[in-house]
Amino acid sequence: MTRLFLIRHGESVAQVEGFVSGHETCRGLSDLGRRQAEALRDRLARTGEIVADVVLTSVLPRAVETATIIGPAIGGPDPVQDCDLCEIHVGEAEGLTWDEFNARYPMTEWDPNVATTPGGESWYGFGERVAGAITRYAETHADKTIVAAVHGGIIEQSLYGLLGLDAAANQFGHVVNTSITELWFRENPFRPNGPRWELVRFNDAAHLTTL
C-alpha cells in the first residue's frame with residue numbers, strides 16, 4: 001500500500017499582508033505560521049502517526065520552511081524540492097495586492113481552461129501539472145509513505161486528480177494551514193478492478209486547537 005500525506009504549509013507572510021505570492025515574492029511563514037508548523041511537529045513526534053520514506057516540498061519558502069520544521073518528527077531523508085509541487089503559477093500578477101489583482105483582472109466569467117492572468121496557468125492546466133507530479137512520485141515510490149509539504153491548490157488538485165473528480169466543481173473548500181490530508185493507494189476487496197486511491201482524511205488540523 002502507498003500512503004500519501006499532503007500537508008499544507010503554515011500561514012504565510014503573503015496571507016497576512018494580502019498579496020499574490022510566487023517564486024519571486026514568497027517570504028516564507030509568518031510568526032503564527034511557524035507556531036502552526038511547530039504544533040504539527042510536536043503532535044507528530046508525540047503520536048508517531050507519520051513515518052516518512054520520502055519527503056517532498058515545493059521550491060517556495062513557505063513550503064520549504066514547513067517541511068524543515070516538521071522533518072525531525074517524521075524521519076525520512078531531506079526534502080526533495082520540486083517546482084511541479086508549487087502553487088498555481090500567477091504570471092504577471094505576482095506581487096500584486098489582492099485589491100490590485102481584482103481591479104486589474106476582474107473575473108466576470110471563469111473558464112477553467114483559460115489562465116486568469118498573463119503568463120499564468122489555467123485551473124485545468126495546473127491540475128495536469130499536479131496530477132503528473134503526484135503520479136510520478138507514487139509510481140517511483142510504490143508501497144512507501146510519501147509526505148509532501150505543499151499548498152492548498154496542490155492538495156485540492158491532488159484530490160480531484162487521484163479520486164477522478166471534476167476540478168471545476170470546487171468540492172472540498174478551504175484547506176487549513178498545516179492540516180493533514182491522507183490518501184491510500186491499495187487493493188480494496190469491496191472495490192474490484194484493481195487498486196485505486198482512497199481518501200482517508202481531509203483537513204485534519206487537531207493540533208491547532210491550542211493556538
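Structural data are supplied above this passage.
Nothing here was measured: the structure is a model prediction, and the numbers come from that model.

Peer 1: Please provide a residue-by-residue account of the environment of R129, values included.
Peer 2: In this structure, R129 sits in helix α5 (residues 123–140). On the accessibility criterion, R129 (13% relative accessible area) is buried. Sequence separation of R129 and T66 is 63 residues, and the distance between their C-alpha atoms is 22 Å. Those residues in contact with R129, other than ones at most four positions away along the chain, are C83, D84, L85, C86, E87, I88, H89, E121 and I154.

Peer 1: So what's going on with the nonpolar core? Which residues, and what values?
Peer 2: Ranked by size, the top nonpolar core spans 25 residues in total, and within it L4, L6, L56, L85, I134, V150 and L183 carry the most contacts. Broken down by secondary-structure element, the contributors of at least two residues to this core are β1 (2–8), β2 (54–57), α5, β4 (145–150) and α6 (152–163). The biggest single contributor to this core is α5, with seven residues. Ignoring anything within four residues of it in the chain, the contact list for L4 reads I134, I146, L162, T181, E182, L183 and W197. Judged by nonpolar contacts, the second largest core, of twelve residues, contains V55, I70, V147 and I180.

What counts, and at which threshold
- Residues numbered from 1 in each chain as written.
- Predicted model: local features only at pLDDT ≥ 70, side-chain atom pairs only at ≥ 80, totals over all residues.
- Heavy atoms only, no water.
- Helix = DSSP H or I, 4+ residues; strand = E, 2+ residues; numbered from the N terminus.
- Buried < 20%, exposed > 50% of the residue type's maximum accessible area, 1.4 Å probe, protein only.
- Contact = heavy atoms within 4.5 Å.
- Core = buried A, V, L, I, M, F, W, Y, C linked by side-chain atoms within 4.5 Å.

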